[in-house]
Amino acid sequence: MSKQRKSLNMFHLPAKVIKDRYRLCPKCGNFAHFSLEQFYCVVCGTKMIEECKRCKEPIIYPTSKFCPICGENYGNSNPT
Ligand SMILES: [Zn+2]
Ligand SMILES: [Zn+2]
């Protein structure tokens, strides 16, 4: 007789929270959820970024302008 406490688990989320990922447009700040597979900005046509250029940290805050780990500017359009 195995009695499982399923109801308890619903109130105790796992300690490791699964992070959502987003893609960001470095030019206009538009964003899309990672699962949408939107590789180019639908607003301005710029290639979206999906991680920090410097430390490769995934983008988990869709409205962020800077990397929370290393401070890299997401919108830094590299001048050639
Ligand atoms: Zn854009
Ligand atoms: Zn970074």
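Residues numbered from 1 in each chain as written. Chains lettered and ligands numbered in written order. Predicted model: local features only at pLDDT ≥ 70, side-chain atom pairs only at ≥ 80, totals over all residues. Heavy atoms only, no water.

A. Fine view of the coordination of the zinc ion (ligand 2). Coordination of the zinc ion (ligand 2) by the protein involves Cys-52 (SG), Cys-55 (SG), Cys-67 (SG) and Cys-70 (SG), with metal-donor separations of 2.2 to 2.3 Å. Of note is the zinc ion (ligand 2), whose four donor atoms meet at the metal with angles of 104 to 116° in an arrangement that counts as tetrahedral. Along the chain, the residues donating to the zinc ion (ligand 2) are arranged with the sequence spacing C-x2-C-x11-C-x2-C. Taken together, the residues Cys-52 in the segment after strand E2 (31–33) and Cys-67 in the segment after E2 connect sequence positions 15 residues apart. The exposure class of Cys-67 is buried, given its relative accessible area of 4%. (Donors = N, O, S within 2.8 Å, 3.2 Å for Na, K, Ca; no water. Tetrahedral: all angles 85-135°; square planar, octahedral: opposite > 155°, others 65-115°. Helix = DSSP H or I, 4+ residues; strand = E, 2+ residues; numbered from the N terminus. Buried < 20%, exposed > 50% of the residue type's maximum accessible area, 1.4 Å probe, protein only.)

B. Looking closely at the coordination of the zinc ion (ligand 1). The coordination sphere of the zinc ion (ligand 1) contains the protein donors Cys-25 (SG), Cys-28 (SG), Cys-41 (SG) and Cys-44 (SG), at a distance range of 2.2 to 2.3 Å. Each donor residue of the zinc ion (ligand 1) belongs to the same chain, with the gaps between them written as C-x2-C-x12-C-x2-C. Highlighted residues: Cys-25 in the loop between strand E1 (22–24) and E2 and Cys-41 in the segment after E2, separated in sequence by 16 residues. There is no split in this pair, since Cys-25 and Cys-41 are both buried.

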